[in-house]
Amino acid sequence: MTGQDPSPAPTQAVPTPPPSSFPIVGIGASAGGLAAIEAFFSGMPADVDPGMAFVLVQHLDPDHKSILTELIQRTTRMKVSEVKDGMPVQPNCVYIIPPNRDMAFLNGTLQLLEPAAPRGHRLPIDFLFRSLALDQHEHAIGIVLSGTGSDGTLGVRAIKIDGGMVMVQSPASCEFDGMPQSALATGLVDYELPPAEMAPQLIAYVTHAFGHPPQSATVAEPHTENALKKIFVLLRSQTGHDFSQYKPNTIYRRIERRMAVHQIDGIGGYVKYLQQTPAEVQALFNDLLIGVTNFFRDPDAFAVLESQVIPKLFEGKPTGSAVRVWCAGCSTGEEAYSIAILLQERLETLKVSYRVQVFATDIDSRAIAVARAGLYPGSIADDISPERLARFFTAEPDGSAYRIHKNIRDLLVFSEQDVIKDPPFSKLDLISCRNLLIYLGPELQKKLISLFHYALQPGGVLFLGTSETAGEAGGLFAVLQRKAKIYQRKEDFQGAQRAALGRFLPPLTDQDITRPVAPGKGAQLPKLSLRELTEQTLLQQVAPVAALVNGHGDILYLHGRTGLYLEPAPGEAGINNILKMAREGLRRDLTTTLHKAATSRDTVRASGVRVKTNGHFTLVNLSICPVAGGPAAALESPLFLVMLEKAPDANAAESKSPPAPATLPAISAAGGSDKLRSDASAQIAELNEELQAKEEYLHAANEELETTNEELKSSNEEMQSVNEELQSTNEELETSKEEMQSINEELSTVNTELQTKVSDLSRANNDMNNLLAGTGIGTIFVDHALRILRFTPAASQIINLILSDVGRPVAHIVSNMVGYNTLVEDLQAVLKTLIPKEVEVQTTDAKTYTLRILPYRTLDNVIEGAVITFVEITEVKRTRAALHKTNELLRLAVVVRDAHDAITVQDLSGRIIAWNPGAERLYGWSELEALQMNVRTRIPAELQEEALAQVHLLSQAQTLAPYPTRRLTKDGRVLNVLLTATALLDEAGQVYAIATTERPGDDPVAKG
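Residues numbered from 1 in each chain as written. Predicted model: local features only at pLDDT ≥ 70, side-chain atom pairs only at ≥ 80, totals over all residues. Heavy atoms only, no water.

**Remarks on the overall build of the protein chain**
Assigned secondary structure in the protein chain consists of 29 helices and 36 strands. A total of 1008 residues make up the protein chain; the buried ones form 43% of that total. For the protein chain, the proportion of contacts with a sequence separation of at least 24, taken over those separated by at least 6, is 64%. (Helix = DSSP H or I, 4+ residues; strand = E, 2+ residues; numbered from the N terminus. Buried < 20%, exposed > 50% of the residue type's maximum accessible area, 1.4 Å probe, protein only. Contact = heavy atoms within 4.5 Å.)

**Looking at the nonpolar core**
Counting 48 residues, the largest nonpolar core has Ile 231, Leu 235, Trp 326 and Leu 462 as its most contacted members. Secondary-structure elements contributing two or more residues to this core are helix H7 (222-239), helix H8 (248-261), helix H9 (267-276), helix H10 (278-288), strand S11 (322-328), strand S17 (428-433), helix H16 (442-455) and strand S18 (456-464). Sequence-distant contacts of Trp 326, that is, excluding residues within four places in its chain, are made with Phe 359, Thr 361, Gln 417, Val 419, Pro 424, Phe 425, Leu 428, Leu 430, Ile 431, Ser 432, Phe 452 and Ala 455. (Core = buried A, V, L, I, M, F, W, Y, C linked by side-chain atoms within 4.5 Å.)

**Here we look at the packing of helix H3 (residues 124-136) against helix H4 (residues 153-161)**
Between H3 and H4, the shortest axis-to-axis distance is 7 Å and the interhelical angle comes to 10 degrees. Here H3 is positioned roughly parallel relative to H4, judged by the angle of their axes. Of the residues in H4, those in contact with Asp 126, Phe 129, Arg 130 and Ala 133 of H3 are Thr 153, Leu 154, Gly 155, Val 156, Ala 158 and Ile 159. Classifying every residue of the contact of H3 with H4 gives 6 nonpolar, 2 polar and 2 charged. (Axes fitted to C-alpha atoms, helices over the stretch in contact; angles between N-to-C directions. Parallel < 35°, antiparallel > 145°, perpendicular 65-115°, else oblique. Nonpolar A, V, L, I, M, F, W, Y, C, P; charged D, E, K, R; others polar.)

**Notes on the packing of aromatic side chains**
A ring pair, where both rings are aromatic, is described by two values, the distance of the centres and the angle of the planes. According to the stated counting rule, one finds 15 aromatic pairs in the structure shown. On the numbers, 5.9 Å between centres and 70 degrees between planes, the contact of Phe 40 with Phe 54 is edge-to-face. Here Phe 40 is found in helix H1 (residues 33-42), whereas its partner Phe 54 is found in strand S2 (residues 53-58), with 14 residues between them in sequence. The class of Phe 54 is buried, set by a relative accessible area of 0%. Ring centres 5.1 Å apart and planes at 85 degrees place the aromatic pair Phe 295 and Tyr 376 in the edge-to-face group. On the criterion of sequence distance, the pair formed by Phe 295 in the loop between H10 and helix H11 (299-314) and Tyr 376 in strand S13 (residues 375-377) is long-range, its members being 81 residues apart. An identical accessibility class is assigned to Phe 295 and Tyr 376; each is buried. (Phe/Tyr/Trp six-rings, centres within 6.5 Å; stacked < 30°, edge-to-face > 60°.)

**Some points on the environment of Ala 401**
Note that Ala 401 resides in strand S15 (residues 401-404). Since its relative accessible area comes to 10%, Ala 401 is described here as buried. Each C-alpha atom of the pair Ala 401 and Tyr 376 lies 5.5 Å from the other, and the pair is 25 residues apart in sequence. Other than its neighbours up to four places away in sequence, Ala 401 contacts Leu 375, Tyr 376, Pro 377, Gly 378, Thr 394, Ala 395 and Glu 396.

**Comments concerning helix H24 (residues 823-833)**
For H24, the complete set of buried residues consists of Leu 823, Asp 826, Leu 827, Val 830 and Leu 831. Down the axis of H24, the sector holding all buried residues measures 135 degrees, keeping them to one side. Structurally, H24 contributes buried residues whose contacts are with strand S26 (778-782), strand S29 (837-843), strand S30 (848-857) and strand S31 (863-872). Backbone geometry just after H24 places Leu 834 at a positive phi near 60 degrees. (Arc of directions from axis to C-beta.)

**Some words on the pattern of salt bridges**
Going through the model one piece at a time under the given rule, you end up with 27 salt bridges. A salt bridge links Arg 403 to Glu 396, with the shortest nitrogen-to-oxygen separation between them at 3.4 Å. On the basis of relative accessible area, Arg 403 is assigned to the partly exposed category, the value being 33%. Where Glu 929 meets Lys 970, a salt bridge forms, and the shortest distance between an N and an O atom there is 3.4 Å. Of the two residues, Glu 929 is situated in helix H27 (residues 927-930) and Lys 970 in the loop between strand S34 (960-968) and strand S35 (974-985); the sequence distance between them amounts to 41 residues. Glu 929 sits in the partly exposed class, given a relative accessible area of 34%. For Lys 970, a relative accessible area of 46% puts it in the partly exposed group. (Salt bridge = Lys/Arg side-chain N within 4 Å of Asp/Glu carboxyl O.)

**Notes on H16**
Here H16 spans 20 Å end to end across 14 residues, near enough to the 20 Å set by a 1.5 Å rise per residue. Where H16 is concerned, the buried positions are Leu 444, Leu 448, Ile 449, Ser 450, Leu 451, Phe 452, His 453 and Ala 455. (Expected span 1.5 Å × (residues − 1).)

**Description of the confidence of the model for the protein chain**
Residues of the protein chain with pLDDT of at least 70 account for 81%, and the chain-wide mean is 78. Long-range and interchain partners of residues 1-19, a stretch whose pLDDT sits below 50, account for 43 contacts in this model, where long-range means more than four residues apart. Contacts of residues 630-636 to residues separated by more than four positions or lying in other chains number 6 contacts, the stretch itself having pLDDT below 50. (pLDDT = per-residue confidence, 0-100.)

**A short note on the packing of H1 against helix H6 (residues 195-210)**
For any two helices packed against each other, one specifies the inter-axial angle together with the distance between the axes. Where H1 contacts H6, the two axes come as close as 7 Å, and the packing angle between them is 40 degrees. When the interaxial angle is binned, H1 and H6 end up oblique. With respect to the hand of their crossing, H1 and H6 are arranged in right-handed fashion. Facing H1, whose interface residues are Ala 36, Ala 39 and Phe 40, H6 presents Pro 195, Ala 196, Met 198, Ala 199 and Leu 202. For the contact of H1 with H6, the residue count by class is 8 nonpolar, no polar and no charged. (Left-handed = near helix turned anticlockwise from the far one by under 90°.)

**What about the sheet that holds strand S12 (residues 355-362)?**
If you trace the 7 strands from one edge of the open sheet to the other, you get S16-S12-S11-S17-S18-S20-S19, paired in mixed fashion. Looking at which strands have only one partner, the edges of the open sheet turn out to be strand S16 (412-416) and strand S19 (477-481). Here the strands of the sheet are splayed against their neighbours by 20 degrees on average, with no regard to which way each runs. Here S12 runs beside S16; their pairing, made up of 5 bridges, is parallel. (Pairing = 2+ DSSP bridges.)

Right under this line is the structure:
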């Protein structure tokens, strides 16, 4: 099982307020996230409050004011606010991160901080998610939307560790799927959905998880315990792993979270769901294995490991030997790689060859697959120093992840292993098992501690998590550093660990168990077999002086007392070379023999070499043989063993005797002594000269070779310097690339916001154009120079405008206005005085318009030109004239109504169409009765022809002078009246009616 921290205990007596009673939803987005955010909030209920708070973090341009708040406010009924430092979080509200800030959640409030990381390295989503998980625990919900990179991945892990829930946008619905893919790769995501479908699922989850009172069931209850056993059976049958010995409360919390995800109320119902859904068994197994880990986790503990433990692992080990480390419960490999980095750094410091083997195991095959790949999100830069990040990691081309260097990856072997049932590794120098024991029951913890004791070699080190301890196994381990939880293996004289190993290992042989030694007799030292003791004693007694060298003569290891044959070379002390340290007389034969051995790869010997030692010469037998196999196979060049041994006494006596001079006396006895002696002397002198010349040549060649080596060394140092400069340049380019990627994401966010703004402006512009066109008001916009900026279609009927006239001065355009030639002067006056002007103008088509000129003001109250409007008032003028005429008629009607004479109006057919009160008084008929009558009814029969003649005259628009006549009344009487008749004309000048004025008069007949 993967290691994980329990809930951290408070480190100081500061009261922590209880968690919020409502869930807090953290939403992280980057490039392409605006559309996803709008889709998410659009899916929220329009008439119901969700009962949650939403905290939104998006990668924003630090130098650009964000309009994200107003954009999101359009899609939700909740209040949307840009966060201010210390703002408390309330339910049914949305909080937006401001630009150039990191945001954290603390005690129910949002805290803003200046970004600590440079541009390109900022991970604001991880920063918020981690603080949200620490503060809210199971009330924390994380949502990862569209974006590039891997921001949010570590935050997802933190939320899941503390019992929260995680949603991720489905990659198929993303504009950029980098962040969702990275989060999904953790295997910790509860829901993978398009943004529009997230809101209903989120509300369903919150309703089930927090909408009911807490369940009172505990693990101690019989039905819960039985249900847990059934779940353990299902897990073991499908995954092969037994969780029955793990702490039940930890298991039950994870089960409750899975029940909330699927909205299952009782644990019995969840058991049935597991039986019916095999995929859920695997999902539960994955949830149980959730582990929190990161590089150099608990920096103080790793600092102690680096300074006090790692150096001791190499102490006393011969060159080429192995240092073995086991990381149990390695999760995704971060801590295993961290230890490997510390080991590699120590190797580089020692400059000695050792074999380092780091075995990293875990029960989770998915975590092991991630560890084997050695590819981690860019957020690991928060946990690793820039120096180590540059030395041991390579950034991926897109800058979203880092890959471990091959030289570190080659140190590790990852494998899937269950420490409960699988055999352990052995002969280990260090075991790191951090935050695994906290999940196990006490009995299982004891057995694992004994197992670790068995796997470590004497003096080995055990490295546990900060919340773990070796427990009751005080007789097996001694405390090296209590705070860092570092322990050292002690000898087990009572064999206490052997009883615990029966559950994990097959029976052990006697050769596998260290035999105890009597107390006080070096019990802490490694024990040697009889064979090893015999070999060591023989080597000390009979082995010659020897040196292990490479092909260039560099000394790797010295055996025996070499002072008779070697002495330190003058100059700077560096790597000791046997050729330079050889005493007088040994160097030439040593150089020749080593060259032959390196060429032939066979043993080469030189006997009777005269070596000057302390004022006299010692004869030495020299042997050089190649070293086969072993550590040399991993080195750049093969190794050779140089053996120096004094020659036997017989050979020494023979070698020390002077050359036999017998030939010279024999020659002398022969009688030619002078000549022969002279020839021999000459020959010896010639040979001596030749030998001296060869020695001088060899000396010069050696000096030249040394000079060349120095030059090559200097060149190598220069190349190394150039390489470092190139590496530095490459790091700068990587940093620039990351910054450019970050800027690109920020620009993408700004671009999306601006596209939304442009779309809004385009819609507003279309609305404005349609509004201006729909009103029919001619409008012309001009700038300070009176150049036309835009106009409406109605204006082209008054001033002859076409689209190409935009930008031309208004004075250049011909107008259809009659009698108005001061448009330019009036525009200039308005711009100068800012006083609007209004003029009534007429056009050539007899239409009348009101021309208004007003200053054009911006939102900042800046004058940028003028606006000319033309409002047609032709119909208004006509209506005004008609109204004037109507008013005159009304005044006339008043006169008619108040007159004492009878005033009537009749059409040409004689039908009465008007009857005033005077006529009603004179004739007796009411107005209503009269309007139903014809004028013939009121004329006596003998006078009707005369009346028709008068009508004919009036129809020709003639006016008749007043004349006397007679008319009938309602009661039948005949009245003598004086009648005045007038023809009424319409607009065309035609008679349409006759108006009469009648008053009582004398009898015309009597007068006659």
